[in-house]
Structure formats: C-alpha cells, structure tokens
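# Analysis of the macromolecular model
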Amino acid sequence: MTKITVKGLEIGTGAPKIIVPLVGKTEQDLTDEVEFLREIDFDVLEWRVDHFNQVDNIDAVKKAAAKINAVIGHKPILFTFRTANEGGVYPASTEFYVNLNKQMITSGLIDFVDVEVFIGDSYVKEVIALAHQNNVLVIASNHDFDKTPTQEDIVSRLRKMQDLGADIPKIAVMPRSTTDVLTLLAATAEMKEKYATKPLITMSMAGKGAISRVAGETFGSDLTFGAAKNVSAPGQLDVKELRNILNVLHRSLA
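This structure is a prediction, so every number in the text was calculated from the model and none was measured. (Residues numbered from 1 in each chain as written. Predicted model: local features only at pLDDT ≥ 70, side-chain atom pairs only at ≥ 80, totals over all residues. Heavy atoms only, no water.)

As a further point, take empty space enclosed by the protein. Applying the stated criterion across every chain, the model contains two cavities of 30 Å³ or more. Taken as a whole, the second largest cavity encloses approximately 40 Å³ of empty space. Around the second largest cavity, the lining residues are Pro16, Val214, Ala215, Glu217, Thr218, Leu246, Leu249 and Leu253. Elements that contribute at least two residues to the lining of the second largest cavity include exactly helix 8 (216–219) and helix 9 (239–253). At three residues, helix 9 tops the list of elements feeding residues into the lining of the second largest cavity. Grouping the constituent residues of the lining of the second largest cavity by class yields six nonpolar, one polar and one charged. (1 Å grid on protein atoms, 1.4 Å probe; cavity = no way out; pocket = protein on both sides within 12 Å on 5 of 7 lines; lining within 4 Å. Points joined across faces, edges and corners; volume = space filled by probe spheres on them. Helix = DSSP H or I, 4+ residues; strand = E, 2+ residues; numbered from the N terminus. Nonpolar A, V, L, I, M, F, W, Y, C, P; charged D, E, K, R; others polar.)

This is the structure:
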C-alpha cells in the first residue's frame with residue numbers, strides 16, 4: 001500500500017492519524033475555534049464548511065480559509081462540504097457543491113478535499129483531476145446514517161472510490177446492532193488485505209460503533225475523527241482520550 005505524506009504527516013503507517021472538525025458558523029466562531037485548537041494534539045484539521053453561514057459567498061469562504069491557515073496552516077487542512085443527503089446542514093445543488101470544491105482546490109488554501117462518491121462519477125472524476133493538477137489530495141466519501149450495508153457492499157463502495165482515483169477512500173455507517181459493527185470491521189480488514197493500494201478511513205458511528213474509531217491499526221483504517229471543542233458526527237471521542245487509546249494500542253502491536 002502506498003503511504004501518503006503531507007506537511008510531514010505520514011498517513012498509512014503506524015497508529016491512525018486524528019482528524020479534528022472545525023464547525024464554526026461565523027468567521028469569529030471559526031477564529032475562536034482555531035485558536036482553541038492550537039493547544040490540542042491532533043494531525044489533520046477538517047473544516048466542515050457546510051456549517052459556515054457565508055458558505056454561499058466564495059470570497060467569504062476564501063477569506064475564512066486564509067485566516068484558518070494563518071493560525072494552523074502548519075497542519076494539513078481538509079476542506080469538506082457535507083451535503084444534506086449525507087449528514088450536512090446546508091442544502092445545495094450539485095452544481096453549487098462542485099463549483100465550491102473547484103474554487104477551493106485552486107485557491108492554494110487547502111491540502112485535502114472531501115468529495116462524496118455518489119454525486120456522480122463524471123463529477124467525481126472532474127474534481128479529482130483538478131485536485132491532482134493543483135497538488136490537493138482527495139478523500140472520496142460515503143455516509144449512511146440509517147444503516148450498515150453488507151460487508152460486500154462496503155468493500156464495493158471503497159473499491160469504487162479507489163478506482164475513481166481518490167487518494168483516500170472513506171465510509172461511515174450507522175450500526176443498529178453489535179453485528180453491524182463487526183460487519184464494518186470485517187469489511188475494513190477485507191479491503192485492506194485484498195484490495196487497498198491507498199490508505200483508508202472507515203468507521204461505525206454512534207456510541208455502539210466507538211470501537212471502530214480506535215481499532216484502525218488492527219483492522220486497517222488509517223485515520224480517525226476526534227472531537228475537541230465540537231463534534232461533527234455521532235460517536236466522536238474526545239481527542240485527548242482518543243490519542244491516549246491509540247498510543248496504548250499502537251504499543252501493544254509493536
């Protein structure tokens with residue numbers, strides 16, 4: 001499997017790297033949140049721009065991104081507009097979604113962009129091509145807040161993301177039973193052992209799925225999400241506790 005290195009961070013080796021979400025609604029909220037995160041131990045900052053109340057103003061988005069960079073640009077920055085269909089807070093057309101991502105890809109202000117794989121293959125390929133032309137890495141994603149698909153379906157979705165050219169495939173699913181959590185973990189292991197050529201992100205959401213957020217080094221998920229000031233999805237663990245658990249598990253596997 002090919003490792004990815006961005007701003008000195010190696011993804012695809014060792015303990016899973018921690019992504020922390022930024023979900024401020026206003027520019028001042030974002031500034032306060034980023035200042036708070038300066039003192040937190042994490043690896044990648046995810047700006048969930050769908051929470052931003054000026055997301056429909058690209059100049060305001062770029063201005064806010066520049067301010068975020070000024071404070072914490074030494075860490076990789078992941079730009080994510082999560083659509084309402086997959087758990088986001090701002091309803092938007094596909095055209096709006098694609099244009100926003102393209103504008104930010106060419107801005108020089110981000111290191112990763114999240115692209116939802118089911119917006120359509122042609123859009124996904126278009127965004128991935130532009131991202132790679134601008135040295136931006138792509139996380140292709142899919143979120144199911146209702147259920148956990150079959151193991152075969154999870155693996156199929158991850159393989160599709162990889163085949164479309166994404167740098168990191170990601171899937172998040174909702175467990176309705178303990179067996180659902182095992183399904184996600186088994187799918188992760190199958191993908192990692194049989195098909196993955198790139199790092200992965202997988203998780204089972206909510207409290208029932210919390211084990212999946214810490215067991216990545218065993219089953220094959222290379223990044224995980226932790227909460228510092230705010231959460232962006234159900235089941236995210238406190239980032240300090242998450243780091244401690246990941247370190248303990250890493251030492252046991254050494």
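Let's pick the thread back up.
In this section: the sheet that holds strand 5 (residues 77–80). Taken together, nine strands build an open sheet; the order of strands is 9-8-7-6-5-4-3-10-11 and the sheet is parallel. Two strands bound the open sheet, and with one partner strand each, they are strand 9 (201–204) and strand 11 (237–238). Looking at chain direction, strand 8 (residues 168–173) and strand 9 are connected through four bridges and run parallel. Its bridge partner lying in strand 9, Val173 is registered against Ser204. (Pairing = 2+ DSSP bridges.)

To continue, consider the pairing of strand 6 (residues 112–116). Among the five residues of strand 6, five are classified as buried, and the element is accordingly described as predominantly covered. Burial along strand 6 is two-sided: the residues Phe112, Asp114 and Glu116 and Val113 and Val115 are all buried. Pairing geometry for strand 5 and strand 6, over two bridges, is parallel. Bridge assignment links Phe79 to a residue of strand 6, and that residue is Val113. (Buried < 20%, exposed > 50% of the residue type's maximum accessible area, 1.4 Å probe, protein only.)

Right, let's get into the UniProt feature "active site" (unreviewed entry) in the protein chain. With numbering aligned to this structure, UniProt lists the feature "active site" (unreviewed entry) at His143 and Lys170. Considering the C-alpha atoms alone, the annotated residues occupy 28 residues of sequence yet fold into one spot, their largest mutual distance being 8.5 Å. Set against the largest pocket, the annotated residues named above that line it are His143. Positionally, His143 belongs in strand 7 (residues 137–144). We classify His143 as buried; its relative accessible area is 9%. Sequence-distant contacts of His143, that is, excluding residues within four places in its chain, are made with Arg82, Glu86, Lys170 and Ala172. Relative to the elements of secondary structure, Lys170 occurs in strand 8. Accessibility expressed as a relative area gives 5% for Lys170, which makes it buried. Not counting residues up to four positions away in its chain, the partners in contact with Lys170 are Arg82, Asp114, Ile139, Ala140, Ser141, Asn142, His143, Leu158, Met161, Ile201, Met203 and Phe225. (UniProt positions renumbered as here; feature names shortened; annotations may be inferred. Contact = heavy atoms within 4.5 Å.)

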